[in-house]
Amino acid sequence: MISSHKRSSLDRDTTFYAPKVACFACYDSGIVSNGDGLLNDYLTDYDAIVIDGVLHRHGGSDLAIICHCTAAYESQDFESQTTRSGFRDSSGVKTTDINGRQQSIGVDPDKDIIREIHRKRRDLWQRSAQDLNSLRQQVRAGMNPQLPDYIATVKQQLQGLNELLPAFASNE
Ligand SMILES: [Zn+2]
């Protein structure tokens, strides 16, 4: 192995890539993620509490949603050693003993919902990659491209960060 702190040219590539996963619903973890809030399109109150008619996201407050892809199942290496215990087996989502009572370790969602989340996220990542690569190309060419709405919004929000977090800013 070469002992050098220099990255390979491929690693220094400025291309934006979508995550290289087989399943965009769970990002190959077996548990459906909701970082982008997409799950709430299907399960409105998932990881959320409604206060005065307004939905407040509260990650981790509900049971995990177990994916339908292979990442949710046990996997073994070539010597039949279990490398991942999995959240499902042939009978469905696994259960665990909680004070003498068997409780499901997660929720078994509708397959169609998971399939749709996978497709939507995959397409959104593809679009983001196209947008960002086109922007980076324009910047490299010395242009000053207009930012897409979703980036411009976050940039604007970050500019107001000092007012949002006054205590944090005064510690600087
Ligand atoms: Zn999955």
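Look a little higher up for the structure.
This report concerns the structure included in the present document. Keep in mind that what you see is a predicted model, and the values were worked out from it rather than measured.

With that settled, the discussion passes to the overall build of the protein chain. Helix and strand counts for the protein chain stand at four helices and eight strands. Relative to the globule expectation of 16 Å for 172 residues, the C-alpha radius of gyration of the protein chain, 21 Å, shows a markedly less compact shape. Projected onto its principal axes, the C-alpha positions of the protein chain cover 65 × 55 × 40 Å. In the protein chain, which comprises 172 residues, the share counted as buried stands at 14%. Within the protein chain, residue pairs in contact and separated by at least 24 positions form 47% of the contacts whose partners lie at least 6 positions apart.

Here the focus is unusual backbone geometry. Residues other than glycine seldom take positive phi values, yet aspartate 28 does so here, at roughly 60°. Within the fold, aspartate 28 resides in the segment before strand E1 (48-51). A tally of 16 C-beta atoms within 10 Å means that aspartate 28 is categorised as partly exposed. Despite not being glycine, aspartate 47 shows a phi value in the positive range, around 50°. With respect to the helices and strands, the residue aspartate 47 is situated in the segment before E1.

Our next topic: helix H1 (residues 111-140). Think of an α-helix as 3.6 residues a turn; residues three or four steps apart then line up on the same face. Here H1 contains 30 residues, and its C-alpha end-to-end distance of 43 Å stays within 8% of the 44 Å for a straight helix at 1.5 Å per residue. Listed as buried for H1 are Ile114, Ile117, His118 and Arg121.

What tends to happen in soluble globular proteins is that the nonpolar side chains get buried as a cluster. In terms of nonpolar packing, the biggest core is built from 17 residues, with Cys23, Ala25, Cys26, Val32 and Cys67 touching the most fellow members. Setting aside anything within four residues of it in sequence, one finds alanine 25 in contact with Val32, Cys67, Ile114, Ile117 and His118.

Moving on, we come to the pairing of E1. The side chains of a regular strand alternate between the sheet's two faces. For E1 and strand E2 (residues 54-57), the ladder comprises four bridges, and the chain directions are antiparallel. Following the sheet pairing, valine 50 is matched in E2 by leucine 55.

In this structure, aspartate 110 sits in the loop between strand E8 (101-104) and H1. Taking the C-alpha atoms as reference points, aspartate 110 and cysteine 67, separated by 43 residues in sequence, lie 9.5 Å from one another.

Within the fold, serine 85 resides in the loop between strand E4 (82-84) and strand E5 (88-89). Of the residues examined, serine 85 has 11 C-beta atoms within 10 Å and is grouped as exposed. Between the C-alpha atoms of serine 85 and tyrosine 73, which are 12 residues apart in sequence, the distance is 7.2 Å.

Among the structural elements, threonine 95 can be located in strand E7 (residues 95-98). For the pair threonine 95 and glycine 106, spaced 11 residues apart in sequence, the C-alpha separation works out to 8.1 Å. Excluding residues that lie within four positions of it along the chain, threonine 95 makes contacts with Gln102, Gln103, Ser104 and Ile105.

Basis of the calculations
- Residues numbered from 1 in each chain as written.
- Predicted model: local features only at pLDDT ≥ 70, side-chain atom pairs only at ≥ 80, totals over all residues.
- Helix = DSSP H or I, 4+ residues; strand = E, 2+ residues; numbered from the N terminus.
- Rg over C-alpha atoms; globule rule 2.2 N^0.38 Å.
- Buried ≥ 20, exposed ≤ 12 C-beta atoms within 10 Å, placed from the backbone.
- Contact = placed C-beta atoms within 7 Å.
- Expected span 1.5 Å × (residues − 1).
- Core = buried A, V, L, I, M, F, W, Y, C linked by C-beta atoms within 7 Å.
- Pairing = 2+ DSSP bridges.

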